[in-house]
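Each chain, written out:
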Amino acid sequence: MKGTHVTWVLLLVQLATSQAKVEAEESAPYQVIKTEEGFEERLYPPTKWVCYDDVDQVYTSKSQTKAFLSLFRYITGANDQGVSMAMTAPVTMLRQELKDSMTRYQMCFYLPKARQGTPPSPTDEGVYIEERPAITVLTRTIGGFITRETQWENEASALQEVLQAAGENNIDFSFYYRAGYDSPMKFENRRNEIWFLKK
């Protein structure tokens with residue numbers, strides 16, 4: 001427990017010193033297709049992200065810290081060009097149920113527009129570049145700090161109920177992304193989202 005606490009303190013210090021601004025300098029682009037009662041439909045163009053995967057039965061704070069720091073090292077120079085990049089938004093986390101009670105957790109940072117063409121190759125083990133195709137996302141925004149896995153699961157279930165009640169079809173509910181837009185240093189007007197994708 002003590003080691004985990006120290007790791008999170010170091011993470012917060014790194015974030016505080018590396019980001020003079022509370023807001024991310026750049027966010028993944030999208031177009032709002034429609035806005036309905038309780039949710040929004042968006043179209044995201046093809047984009048590149050830097051990602052880190054973990055497969056386990058339980059996703060611990062230690063696993064999350066390892067994933068975040070691996071990606072953070074990439075944007076602060078752990079790449080074949082030794083270049084640093086500004087922190088972007090959102091940080092996405094794919095949660096996908098697998099066989100044998102295992103779950104895939106994929107954490108990703110959106111790559112800045114200037115690095116979308118030919119992003120630097122990661123040098124840390126486990127970090128890779130993902131090319132996402134265009135996706136249609138159904139989502140809604142909630143505020144506050146979401147610190148527990150159960151909070152995300154509850155929001156995913158609530159959003160699924162809203163979408164089903166609205167008669168939305170061709171949605172893949174077998175997995176979802178959670179998206180966080182804010183630094184831990186931001187305490188008000190926080191933005192968190194669950195993303196379900198259309199098939």
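Heads up: the structure comes first, above all this text.
Residues numbered from 1 in each chain as written. Predicted model: local features only at pLDDT ≥ 70, side-chain atom pairs only at ≥ 80, totals over all residues. Heavy atoms only, no water.

Draft legend 1. Region of interest: the nonpolar core. Grouped together as the largest cluster of nonpolar side chains are 19 residues, with contacts concentrated most on V50, L71, Y74, I75, M107 and F109. Put simply, the parts of the chain that give this core at least two residues each are β4 (47-56), α2 (61-75), β6 (91-97) and β7 (103-110). The leading source of residues in this core is α2, at six residues. Judged by nonpolar contacts, the second largest core, of 16 residues, contains Y44, W49, F175 and A179. (Core = buried A, V, L, I, M, F, W, Y, C linked by side-chain atoms within 4.5 Å. Buried < 20%, exposed > 50% of the residue type's maximum accessible area, 1.4 Å probe, protein only. Helix = DSSP H or I, 4+ residues; strand = E, 2+ residues; numbered from the N terminus.)

Draft legend 2. Here's a closer look at the sheet that holds strand β2 (residues 31-36). As summarised here, the arrangement of the nine strands in space is β2-β3-β9-β11-β10-β6-β7-β4-β8, forming an open sheet in which the pairing is antiparallel. Edge strands, defined here as strands with exactly one partner in the open sheet, are β2 and β8 (127-132). In this sheet, neighbouring strand axes are inclined to one another by 30° on average, regardless of whether the strands run parallel or antiparallel. Sheet analysis places β4 next to β7, joined by eight bridges and oriented antiparallel. When the bridges of β7 are listed, V50 appears paired with F109. Contacting β4, β7, β8 and β10 (171-180), α2 runs over the sheet at an angle of about 30° to β7. (Pairing = 2+ DSSP bridges. Axes fitted to C-alpha atoms, helices over the stretch in contact; angles between N-to-C directions. Contact = heavy atoms within 4.5 Å.)

Draft legend 3. Spotlight on the pattern of salt bridges. What the rule picks out here adds up to 16 salt bridges. Ionic pairing is found between R42 and E193, a salt bridge with its closest N-O pair at 2.7 Å. In this pair, R42 is assigned in strand β3 (residues 39-44) and E193 in strand β11 (residues 192-198), connecting sequence segments 151 residues apart. For R42, a relative accessible area of 2% translates into the label buried. Accessibility expressed as a relative area gives 0% for E193, which makes it buried. (Salt bridge = Lys/Arg side-chain N within 4 Å of Asp/Glu carboxyl O.)

Draft legend 4. Inspection of unusual backbone geometry at higher detail. In this chain, A89 is followed by P90 through a cis amide linkage whose omega measures -5°. Turning to its location among the elements, P90 is positioned in the loop between β5 (88-89) and β6. Residues other than glycine seldom take positive phi values, yet S101 does so here, at roughly 65°. Note on placement: S101 falls in the loop between β6 and β7. Although it is not a glycine, N170 adopts a positive phi angle of roughly 60°. Inspection of the secondary structure assignment puts N170 in the loop between α3 (149-165) and β10.

Draft legend 5. Broad picture of the side chain of E193. A polar contact of 2.8 Å, which involves the side chain of E193, links it to the side chain of Y181. Setting aside residues up to four positions removed in sequence, E193 forms contacts with R42, T139, R140, T141, W152, Y177, R178, A179 and Y181. (Polar contact = N/O pair within 3.5 Å; in protein donor to acceptor, adjacent residues only side chain to side chain.)

Draft legend 6. The arrangement of the environment of I146 in detail. Mapped onto the elements, I146 comes out in the loop between β9 (135-142) and α3. On the accessibility criterion, I146 (17% relative accessible area) is buried. Taking C-alpha positions, I146 is 7.9 Å from N192, a pair spaced 46 residues apart along the chain.

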